[in-house]
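# Chains, contacts and geometry: an overview
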Amino acid sequence: MKTRHWFLLLLILTLTVFGSVEAQTQAGFISLDCGLVPTTTTYTEKSTNITYKSDADYVDSGLVGKINNAYMTQLQQQTWSLRSFRDGQRNCYNLFDLTANIKYLIRATFMYGNYDVLNQLPSCDLRVGANKWFSIKITGVTNSSSYEIFHVVTQDDLQVCLVKTGPTTPFISSLELRPLNNNSYNTQSGSLMLFARIYFPSDPSSFVRYDEDIHDRGWTALTDNETTLISTDLPIDISSVYDMPQAVMKTVVIPANGSNTCYMRPPKISVSTIFNPSAVSSSNGKFSFTFTMTGNSTLPPLINAAEIYTVLDVTQLGTDNDEVSAMMNIKKTYGLSRKLSWQGD
């Protein structure tokens, strides 16, 4: 069996404490509704309060389209329209006005919705900069798929590209960037690609995103019969480099039988984080995490949330900035904006 490498585990634990909540803004956010027309349109998605705009200023190619009207009512608005790339092997978004050497959450979302009336599920490769990010394979007409990566940009712009890998047409529904604290989610090498991000609410259908999470991380509910839920209505002191959302930290699970005990003690008035800064691997792709018993523990172990990432190798360096500038000047001078072979690094 093929060995699966590079899992990073992050656990967040806390006790209930008093604290304040800072006002939330979308400073530094880039929220693109791909294929949105007219291109001057902006709107605020009601379920998240995120303001979206057209992707027209960030891409030189592609055709705009809309999913089947019957699917729109059950989906967020940024997935209603899309941009497809029928021509060219590689089509790219040039994301500008970024801050060099800052860590960003980058999210690409795909909702097919039979926009082309072909009922032909597309597939393609997704690339960030000069490196492959993920192989996208749409699994259903109404299945919305999102892919996230934590990536440090080395200059003030970044290219995200779709690469054709077969007979179907690549497309994308939305593309989003969110700045993060550089002291969070540290790893010894590479970028972090999301595998799972979970928390433990009473409602199994709950989902937390912006504006409850100021960095717009998506938190998926997890419930089971082996744990007991504890919750509070009191405010939580969430001051840490991870800026955990109140909605996630207000609930905690402990073992249902209460017999296991915890190997660490969270500080009483702050968030405590356990994480593995180096990659781990498994021959069968399975990992387990266990709270070990200590002799002086009087309370069962507790956990508020967990995040798991795969480490993405981003060793392929981008072209030197001076060379990029020279090439872009040539592109502009000779009117090559629509030349598909002049896209990407």
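Everything discussed here concerns the structure shown above.
Read on for an overview of the structure. It should be emphasised that the depicted structure is a prediction, and the values quoted were computed from it without experimental measurement. (Residues numbered from 1 in each chain as written. Predicted model: local features only at pLDDT ≥ 70, side-chain atom pairs only at ≥ 80, totals over all residues. Heavy atoms only, no water.)

### Structural notes on the state of the cysteines
Applying the stated criterion to the full structure yields 1 disulfide. Residue Cys-92 pairs covalently with Cys-161 via a disulfide, S to S 2.1 Å. Of note, the bridge from Cys-92 to Cys-161 carries an S-S torsion of about 105° and is right-handed in sense. You can see Cys-92 sitting in strand β7 (residues 90-95) and its partner Cys-161 sitting in strand β12 (residues 158-164), a full 69 residues away along the chain. Residue Cys-161 is classed as buried on the basis of its relative accessible area, which comes to 2%. (Disulfide = S-S within 2.5 Å. Helix = DSSP H or I, 4+ residues; strand = E, 2+ residues; numbered from the N terminus. Buried < 20%, exposed > 50% of the residue type's maximum accessible area, 1.4 Å probe, protein only.)

### Looking at the pairing of strand β15 (residues 191-199)
Pairing between strand β11 (residues 144-152) and β15: 2 bridges, direction antiparallel. Each residue of the ladder has a partner; that of Ile-149, found in β15, is Met-193. Across 8 bridges, the pairing between β15 and strand β22 (residues 305-312) is antiparallel. Its bridge partner lying in β22, Ile-198 is registered against Ala-306. Sheet topology places β15 next to strand β17 (residues 219-221); 2 bridges connect them, and they run parallel. Counterpart to Ile-198 in the pairing with β17 is Thr-220. (Pairing = 2+ DSSP bridges.)

### Some points on the side chain of Glu-148
Position of Glu-148 relative to the elements: it lies in strand β11. In terms of polar contacts, Glu-148 uses its side chain to reach the side chain of Arg-197, at 3.0 Å. Sequence-distant contacts of Glu-148, defined by excluding residues within four places in its chain, comprise Leu-105, Ile-106, Arg-107, Trp-133, Leu-192, Met-193, Leu-194, Arg-197 and Gly-218. (Polar contact = N/O pair within 3.5 Å; in protein donor to acceptor, adjacent residues only side chain to side chain. Contact = heavy atoms within 4.5 Å.)

### Observations concerning the sheet that holds strand β9 (residues 123-128)
Strand order in the open sheet formed by 4 strands is β7-β12-β9-β10, with antiparallel pairing between adjacent strands. Each edge of the open sheet is held by one strand with a lone partner, namely β7 and β10 (131-137). Each adjacent strand pair in this sheet contributes to an overall mean axis angle of 20°, direction not counted. (Axes fitted to C-alpha atoms, helices over the stretch in contact; angles between N-to-C directions.)

### Overview of the pattern of salt bridges
Two side chains carrying opposite charge are able to pair once their charged atoms lie near each other. This model, assessed by the stated rule, comprises 14 salt bridges. The partner of Asp-216 in a salt bridge is Arg-107, and the shortest N-O contact between them spans 3.0 Å. In this pair, Asp-216 sits in the loop between β16 (207-208) and β17 while Arg-107 sits in strand β8 (residues 103-111), placing the two residues 109 residues apart along the sequence. When sorted by exposure, Asp-216 lands in the same class as Arg-107, which is buried. (Salt bridge = Lys/Arg side-chain N within 4 Å of Asp/Glu carboxyl O.)

### Quick word on the sheet that holds strand β6 (residues 81-84)
Read across the sheet, 3 strands follow the order β5-β6-β13 without closing on themselves; strand pairing throughout is antiparallel. On the outer flanks of this sheet lie β5 (63-66) and β13 (171-172), each paired with one strand and no other.

### Some details on the packing of aromatic side chains
Considering all chains together, one arrives at 14 aromatic pairs under this definition. Seen in terms of ring centroids, Tyr-112 and Tyr-115 are 5.7 Å apart; in terms of plane orientation they differ by 85°. Their pairing is edge-to-face. With respect to class, Tyr-112 is no different from Tyr-115; both count as buried. Note on Phe-150 and Tyr-309: the rings are 5.1 Å apart at their centroids and 40° apart in plane angle, and the pair reads as tilted. With Phe-150 in strand β11 and Tyr-309 in strand β22, the pair connects residues that are 159 residues apart, well separated along the chain. Classification of Phe-150 by relative accessible area gives buried; the value is 4%. Grouped by ring-pair contacts, the aromatic residues Phe-110, Tyr-112, Tyr-115, Phe-134, Tyr-147 and Phe-171 constitute a single cluster. Between the NZ or CZ atom of Arg-197 and the centre of the ring of Trp-219, over which it lies, the distance is 5.8 Å. (Phe/Tyr/Trp six-rings, centres within 6.5 Å; stacked < 30°, edge-to-face > 60°. Lys NZ or Arg CZ within 6 Å of the ring centre and 35° of its normal.)

### Notes on the side chain of Asn-91
The residue Asn-91 is located in strand β7 in this model. In terms of polar contacts, Asn-91 uses its side chain to reach the side chain of Ser-61, at 2.6 Å. Among the polar contacts made by the side chain of Asn-91, one reaches the main-chain carbonyl oxygen of Asp-87 at a distance of 3.1 Å.

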